[in-house]
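Okay, here's what each chain looks like letter by letter:
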Amino acid sequence: MFVSECLSANENGHLMIGGCDTVELAKQFGTPLYVMDESDIIKNCKLYQESLNRYYDGNGLVLYASKAFSCMYMCKLMNDLGMGLDVVSGGELYTAWKAGFDMSRVYFHGNNKTDDELKLAVEHKVGTIVVDNVDELERLNRIASEKDVVVRIMFRIKPGIDAHTHSFIQTGQIDSKFGVALENGEAIEAYRRAVEYSHLKVMGVHCHIGSQIFDLEPFKLAAKVMMNFIGDLHDKLNIEIEELNLGGGYGIKYTEEDQPINYDAYIQAVSEVVKQMAQERGVNLPKIMMEPGRSIVAPAGITLYTVGGVKEIKDVRTYVSVDGGMIDNPRYILYESKYDAVLANKATAPRENVVTIAGKCCESGDLLIKDIKMPHIEVGDTLAVLATGAYNYSMASHYNRIPNPPVIMVKDGQAKEIVRRESYEDLLRNDIL
Ligand code: LLP
């Protein structure tokens, strides 16, 4: 009935998540409110882990891409589930460390890690650094030698694959700021240099072709291209690669139009490609790493808002204004992303009117959903925007000095605050008068 499996309606026609009535959650914690279903997150992680066991003898690790949604509670949950972690900044790294994450299972990404961030990573014994370019390689080797340690690395490779997704979140092609390219020899040259550095140990290769991808083919192609590169590293440079990190990017269902790939089928297909290519190229079977972010958390999250006004402009449009917007969900203003919404207090009512859900920021483009069919909406209704668990909280801003909403984790009818609501005082925390 709803786009996300973790949602249902109760006998009062209220939207339910994790055994909790969303109308009650809105009353108890206020709005705007991010709500996440813990069991759904766990289920999504296990799906990847079990598929990796089934099709590849568990020879690898599923890393959660924490940029999708990072906080200490989430890091602890991922640690307890035996997941690895992809971090992309000193802040994400520090969050994981503070939450007690096993740092040996952390992979540190980013196209311009600063010296301070690299030092932090080395000091906290981050398992693997995914090096973006040779400048970073040199800086990292210097830092590792100053600290007299050997750091495990892999390069981020641009496999030259054009995955059909929004151009801002597509990264595998040569014209990208991320990584080193295959087709112009940049990648092999980077490895030639890397093996000469005494304080770096080359472990693997990494690629990430984009995000919100619905097609299996580009993933299979990426695995093939990367295995060929592993073959080249073996033949030309005598480097034995142990880890193949294939990144994330698996699409999810935001609206009924979206048809995500079956993640199990993805792992099966990719495992086959890797096994076949290993044989063809005469190289050892690498461990397979993957880095899902969105598909772990997006479907598990919703955002609750209170309707503050309904502006009917005859023959033009009806704007429904809510108490959040681009501050807590900037994905419409950035990518014109599509979402589905449900009136949480009338979740089963027929959808009869086309309305546009507007945020409260001083910006005409601050919309959450343009043209969506909804039941009759009144001031005071609770509106739930669905599938907001990824890249919402993590991309929130303070535009217009609006404090960020809290995050509530729900499970088996219990609700727990895992990130506190920001106060006005929080906004002033670093101001100096
Ligand atoms: N690994 C790497 C190296 C990445 O760059 C990313 C996402 C992931 C894994 C996780 O990808 P996922 O499974 O979540 O698609 N802000 C955009 C998404 C940017 C994704 C950036 N990298 C959005 O809101 O759609």
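Just so it is clear, the model here is predicted, and its values are computed rather than measured.

**Q** Which residues make up the packing of aromatic side chains, and what are the values?
**A** With the rule as written, the count across this model stands at twelve aromatic pairs. The interplanar angle of 90° and the centroid separation of 5.8 Å between the aromatic rings of Tyr-34 and Tyr-393 together place this pair among those described as edge-to-face. Highlighted residues: Tyr-34 in strand β4 (residues 33-37) and Tyr-393 in the loop between β19 (382-386) and β20 (407-411), separated in sequence by 359 residues. We classify Tyr-34 as buried; its relative accessible area is 3%. Here Tyr-254 and Tyr-339 contribute two aromatic rings whose centre-to-centre distance is 5.2 Å and whose plane-to-plane angle is 75°, an arrangement assigned as edge-to-face. Here Tyr-254 is found in the loop between β12 (243-245) and α9 (263-281), whereas its partner Tyr-339 is found in the loop between α11 (331-335) and β16 (341-343), with 85 residues between them in sequence.

**Q** Before we move on, can you summarise empty space enclosed by the protein with the specific residues and values?
**A** One pass over the full model with this rule turns up three cavities of 30 Å³ or more. Empty space within the largest cavity amounts to approximately 60 Å³. As for the largest cavity, its lining consists of Tyr-34, Val-35, Met-36, Phe-69, Gly-301, Ile-302, Thr-388, Gly-389, Asn-392, Tyr-393 and Val-407. Going through the elements one at a time, β4 and β14 (301-313) are the ones with two or more residues in the lining of the largest cavity. Here the lining of the largest cavity is composed, by residue class, of seven nonpolar, four polar and no charged.

**Q** If you had to explain the site of the ligand to someone new, which residues and values would you point to?
**A** The full set close to the ligand counts 19 residues, and Ser-211, Glu-291, Arg-294, Arg-331 and Tyr-391 are the nearest of them. Contact distances for the ligand include 2.9 Å between an oxygen atom and a backbone N or O atom of Gly-293. Between Tyr-335 and the ligand, the recorded distance is 2.8 Å, taken from a side-chain N or O atom to a nitrogen atom. Here the ligand has 580 Å² of accessible area as a free molecule, and 91% of this is covered by the chains. Here the shell around the ligand is built from residues that sort into six nonpolar, seven polar and six charged.

**Q** Any chance you could break down the side chain of Asp-328 for me, citing the residues and the numbers?
**A** In this structure, Asp-328 sits in the loop between β15 (317-322) and α11. Buried charge without a salt bridge: Asp-328, with Arg-421 as the nearest opposite-charge side chain at an N-O distance of 8.5 Å. One polar contact links Asp-328 to Tyr-305, side chain to side chain, over a distance of 2.4 Å. Those residues in contact with Asp-328 that sit more than four places away from it in its chain are Pro-32, Tyr-34, Thr-303, Tyr-305, Asn-392, Tyr-393, Ala-396 and Pro-405.

**Q** So what about the layout of surface pockets? Which residues, and what values?
**A** Size it by volume and the second largest pocket reaches roughly 510 Å³. Surrounding the second largest pocket, 27 residues form its lining, Thr-255, Tyr-339, Asp-340, Arg-351 and Ile-372 being those nearest its centre. If you list the elements that add at least two residues to the lining of the second largest pocket, you get β16 and β18 (367-374). Take the lining of the second largest pocket: its biggest share by element is six residues, from β18. Here the lining of the second largest pocket is composed, by residue class, of 14 nonpolar, three polar and ten charged.

**Q** Quick one: what's the story with helix α2 (residues 38-56), residue by residue and with numbers?
**A** With 19 residues, α2 should cover 27 Å at 1.5 Å per step; its first-to-last C-alpha distance of 27 Å lies within 8% of that length. Looking at α2, one finds that the buried residues are Glu-38, Asp-40, Ile-41, Ile-42, Asn-44, Cys-45, Tyr-48, Gln-49, Ser-51, Leu-52, Tyr-55 and Tyr-56. If you check the start of α2, you find a side-chain oxygen 3.0 Å away from the backbone N of Ser-39, and it comes from Asp-37. Backbone geometry just downstream of α2 places Asp-57 in the positive-phi region, at approximately 55°.

Analysis parameters
- Residues numbered from 1 in each chain as written.
- Predicted model: local features only at pLDDT ≥ 70, side-chain atom pairs only at ≥ 80, totals over all residues.
- Heavy atoms only, no water.
- Phe/Tyr/Trp six-rings, centres within 6.5 Å; stacked < 30°, edge-to-face > 60°.
- Helix = DSSP H or I, 4+ residues; strand = E, 2+ residues; numbered from the N terminus.
- Buried < 20%, exposed > 50% of the residue type's maximum accessible area, 1.4 Å probe, protein only.
- 1 Å grid on protein atoms, 1.4 Å probe; cavity = no way out; pocket = protein on both sides within 12 Å on 5 of 7 lines; lining within 4 Å.
- Points joined across faces, edges and corners; volume = space filled by probe spheres on them.
- Nonpolar A, V, L, I, M, F, W, Y, C, P; charged D, E, K, R; others polar.
- Near = heavy atom within 4 Å.
- Polar contact = N/O pair within 3.5 Å; in protein donor to acceptor, adjacent residues only side chain to side chain.
- Areas by Shrake-Rupley, 256 points an atom, 1.4 Å probe, with all protein chains shown as cover.
- Lys, Arg positive; Asp, Glu negative; His and termini not counted.
- Salt bridge = Lys/Arg side-chain N within 4 Å of Asp/Glu carboxyl O.
- Contact = heavy atoms within 4.5 Å.
- Expected span 1.5 Å × (residues − 1).

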